[in-house]
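So you can see what is in the structure, the chains are spelled out below.
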Amino acid sequence: MSGTVSTKVVGAQSARSRALAVLRVRSRALALALLPTAFAVVLVAARTTGRLAGDPWGTVTLVLCVVAALVLLVAGVFGAVVLRAAPAVTPTVALAEAAAPDLYRMVRDLADRMQVPAPSAIALTPDCDSWLEDRTHAAHRRRGAVAGRPTAPETVPGAAPVLVIGSPFLWWMRVAELRAVLAPVVAGTGPSAHPDIADARRFVRGLDAAADVGNRPGLGWIGRTARLLLRLCRTDAAEMERGVAAAAADRAQGVDYGLRIVAQEQVGLAYAGWDRLLTRVALPAWRMGRWPAHLDTGVVRALTELSRRDRLAEGFTSRLGERPACDLLEQPGVVDEAASLLAARLFHGGPAEVGPDWSPVDWAAYPEEVVDRKWRTEAARLHHSLDVLAGAAPQGAPAGDAVTGPTLERVLRHLASDGAVGADGADADALAARLSADVAREERAVAERAGVGAGAKARGADAVPLFPLQAPRSGRDLLADHVMAMVCCAAVDSAGGAPGLDWLDGPVLLVAGARCADLALPVLALVEDGDPAPLREWLADLGIRPEKPVRLV
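Keep in mind it's a predicted model, so treat the numbers as computed, not measured. (Residues numbered from 1 in each chain as written. Predicted model: local features only at pLDDT ≥ 70, side-chain atom pairs only at ≥ 80, totals over all residues. Heavy atoms only, no water.)

Participant: Describe the pattern of salt bridges, listing the residues and the values that go with them.
Facilitator: Inspection of the entire model under this criterion finds 31 salt bridges. Between R205 and D134 there is a salt bridge, with its nearest N and O atoms 2.5 Å apart. With R205 in helix α8 (residues 195-213) and D134 in the loop between β3 (130-133) and α4 (138-146), this residue pair connects regions lying 71 residues apart in the sequence. According to the relative accessible area criterion, R205 is partly exposed, its value standing at 25%. The exposure class assigned to D134 is partly exposed, which follows from its relative accessible area of 22%. A salt bridge links D438 to R441; the nearest nitrogen and oxygen atoms lie 2.7 Å apart. Separated by 3 residues within a single helix, D438 and R441 lie in helix α15 (residues 426-450), roughly one turn from each other. (Salt bridge = Lys/Arg side-chain N within 4 Å of Asp/Glu carboxyl O. Helix = DSSP H or I, 4+ residues; strand = E, 2+ residues; numbered from the N terminus. Buried < 20%, exposed > 50% of the residue type's maximum accessible area, 1.4 Å probe, protein only.)

Set out below in structure tokens:
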């Protein structure tokens, strides 16, 4: 092969050959299902012409006809499931052309320059990724008809795929950077339009959906058969997608190639900032029943702060004077709010709609409505657990010690090794276990109110959260968090402290306007070693009075 053959041609040819290999798996499965019928037809024809007269051919022909009918019935049921089962669709925020005419115009211009079909629609996802998604399956049209919506253009048979764009890209990237990053993605509509590739993709998606249907009671055989066929065509399907990606990347080289190399650095930076924002800032709010209404705006602030702290990110904020990609939207605030609500559902499992126990919060109100409430809720839970362990709190009595109330001093004495029942940390383990049980019970109650933990098992995109952000915390980790919350409450109530928000680290304690970043080690010394001395010294330095009762939720 000549060295002048482009990657685009090689990639397209490879994708088509792999697509044919996937379709051969389908053809062989169909041939295997028809094989008993073919034998039955031969035997019936032979019996009719008298070539196979007498016994046992009559019985053999009858048995084979019954077997052939059963195999055809089973194959027909399986084929119907593969054709009709709804493939998985990523939950997204639909973006109509009227809501983003400039963005649609930019995408169509990209498609024209690369001579590929333009995406049929654009949608946003609260993640740092972009891809094409086919939504022409009949199940999508049925879903729209049930909801009373008109048929969407992207669900019409033969329509081009939907372009799904990560919403953080629109707020962090500049228009030229977004254009450069989207070029290879949009170029993928060209290979996707090839009949063999489109047919192979539909077959693989149908098998994947059938495997999910097979998880239902009584349909296990469908799932096992679908998974077997998926294993047989897995390698070829993966190589087909690689060929499509190679062809798309080569086609996009003529569009902003130099800028794309620089823009890829912004993709990595956006991912880092988005991850920190979700796990450190959004997750505490979600656990309190509040969802930050402008996460995409927050990621810009988080990345700006990261650029200020990290020398590797220096110079990135100088781009902020250029036109941001969110200017391509007619109402960026409305889109940001919709993407933020979807992010809460995908990553935490919150309700799909706003309610009394699930309300938005602005960044300006975050310290008071999330951070302060979080600390006081955890402090109340800590003292309630102490009451339960002590067994001395009468029903209806206020939490905490009967004389001094809920104080930090009570926690220090309970966890100190010289005041505990044993020096082996038995009291700390018991308290940690109690907190873990209380937190688990509260999370189950929240999940049931949200409709994601009760009743029938959710499937597909309804099984939220799809991407849990954090593994379950250990008992000691929970105990450390609750002790730290108690310390912060004491600082606010007795030393003039204030709740604050750090864009990269989440809730922080501010004393005299400065962040207290040295609290973790004294708290860990108390929780892990039963040594209260470092924490008492830290409290004394800031003038915090551990014996003073704190206000709880």
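Past the structure itself, the notes keep going.
Participant: Got a sec to walk through the sheet that holds strand β8 (residues 506-511)? Specific residues and values, please.
Facilitator: Spatially, β7-β8-β9 is the arrangement adopted by the 3 strands of the open sheet, whose pairing is antiparallel. In the strand order of this sheet, the two ends are held by β7 (498-502) and β9 (514-515), each with one partner. The pairing of β8 with β9 spans 2 bridges and is antiparallel. In the sheet register, V511 faces β9, and the bridge partner there is A514. (Pairing = 2+ DSSP bridges.)

Participant: Please provide a residue-by-residue account of the packing of aromatic side chains, values included.
Facilitator: Going through the model one piece at a time under the given rule, you end up with 2 aromatic pairs. Arranged with centres 5.9 Å apart and planes meeting at 45°, the rings of W363 and Y366 form a pair that is tilted. Each member of the pair, W363 together with Y366, is buried. Geometrically, the ring pair formed by W363 and W503 is edge-to-face, given 4.9 Å between the ring centres and 75° between the ring planes. Remark: W503 occurs in the loop between β7 and β8 and W363 occurs in the loop between β6 (359-361) and α13 (366-390); sequence separation between them is 140 residues. (Phe/Tyr/Trp six-rings, centres within 6.5 Å; stacked < 30°, edge-to-face > 60°.)

Participant: I'd love a proper account of the state of the cysteines, names of residues and values included.
Facilitator: Enumeration over the complete set of coordinates arrives at 0 disulfides. Considering cysteine sulfurs only, C489 is the nearest to C488, which forms no disulfide, with 7.1 Å between them. With a relative accessible area of 1%, C489 lands in the buried category. (Disulfide = S-S within 2.5 Å.)

Participant: Can you tell me about the side chain of R476, naming the residues and giving the values?
Facilitator: Looking at where R476 falls in the secondary structure, it is placed in helix α16 (residues 475-494). With a relative accessible area of 18%, R476 lands in the buried category. From its side chain, R476 meets the backbone oxygen of V527 in a polar contact 2.8 Å long. (Polar contact = N/O pair within 3.5 Å; in protein donor to acceptor, adjacent residues only side chain to side chain.)

Participant: Describe the pairing of strand β2 (residues 121-125), with residues and values.
Facilitator: Counting buried positions along β2 yields 5 of 5 residues, so the element is predominantly enclosed. Judged from the 3 bridges that link them, strand β1 (residues 93-95) and β2 form a sheet pairing that is antiparallel. Within the sheet, the bridge partner assigned to V93 lies in β2 and is L124. As defined by bridge partners, β2 adjoins strand β4 (residues 162-166) across 5 bridges and the pair is classed as parallel. For I122, the partnering residue across the bridge sits in β4 and is L163.

Participant: Which residues make up a positive patch on the surface, and what values do they have?
Facilitator: A cluster of basic side chains, namely R224, R227, R231 and R234, defines a positive patch on the protein surface. Mapped onto the secondary structure, R234 falls in helix α9 (residues 220-251). For R234, a relative accessible area of 54% gives the class exposed. (Patch = residues over 30% accessible without salt bridge, like charges linked within 9 Å, V, L, I, M, F, W, Y side chains within 5 Å. Areas by Shrake-Rupley, 256 points an atom, 1.4 Å probe, with all protein chains shown as cover. Lys, Arg positive; Asp, Glu negative; His and termini not counted. Charge placed at Lys NZ, Arg CZ, Asp CG, Glu CD.)

Participant: Lay out the pairing of β4 with the relevant residues and their values.
Facilitator: Extensive coverage of β4 is indicated by the burial of 5 of its 5 residues. Where β3 lies against β4, 4 bridges are found, and the strand directions are antiparallel. The partner of E133 across the bridge, within β4, is V162.

Participant: Give a detailed account of the sheet that holds β1, specifying residues and quantitative values.
Facilitator: Pairing between sheet strands relies on hydrogen bonds along the backbone, with the strands arranged either parallel or antiparallel. The 4 strands lie next to each other as β1-β2-β4-β3, forming an open sheet whose pairing is mixed. The open sheet has two free edges, formed respectively by β1 and β3, since each of these has just one partner strand. For this sheet, the mean inter-axis angle between neighbouring strands, taken without regard to orientation, is 30°. Packing against the sheet, helix α3 (residues 101-114) makes contact with β1, β2 and β4, and its axis sits at approximately 115° to β2. (Axes fitted to C-alpha atoms, helices over the stretch in contact; angles between N-to-C directions. Contact = heavy atoms within 4.5 Å.)

Participant: Describe helix α2 (residues 57-84), and please don't skip the residues or the numbers.
Facilitator: With 28 residues, α2 extends 40 Å between its outermost C-alpha atoms, agreeing within 8% with the 40 Å of an ideal straight helix rising 1.5 Å per residue. The set of residues buried in α2 consists of T61, L64, A68, F78, V81 and V82. (Expected span 1.5 Å × (residues − 1).)

Participant: How would you explain the packing of helix α10 (residues 257-287) against helix α11 (residues 295-309) if you had to name every residue and give the values?
Facilitator: Each pair of packed helices can be summarised by the angle the axes make with each other and by the distance between the axes. One way to put it is that α10 packs onto α11 with a least axis distance of 9 Å and a crossing angle of 120°. For the element pair α10 / α11, the angle class is oblique. Where α10 crosses over α11, the two elements pack in a sense that is right-handed. Contact residues: L269, A270, G273, W274, L277, L278, A282 and W286 in α10; L295, D296, G298, V299, A302, L303, L306 and S307 in α11. (Parallel < 35°, antiparallel > 145°, perpendicular 65-115°, else oblique. Left-handed = near helix turned anticlockwise from the far one by under 90°.)

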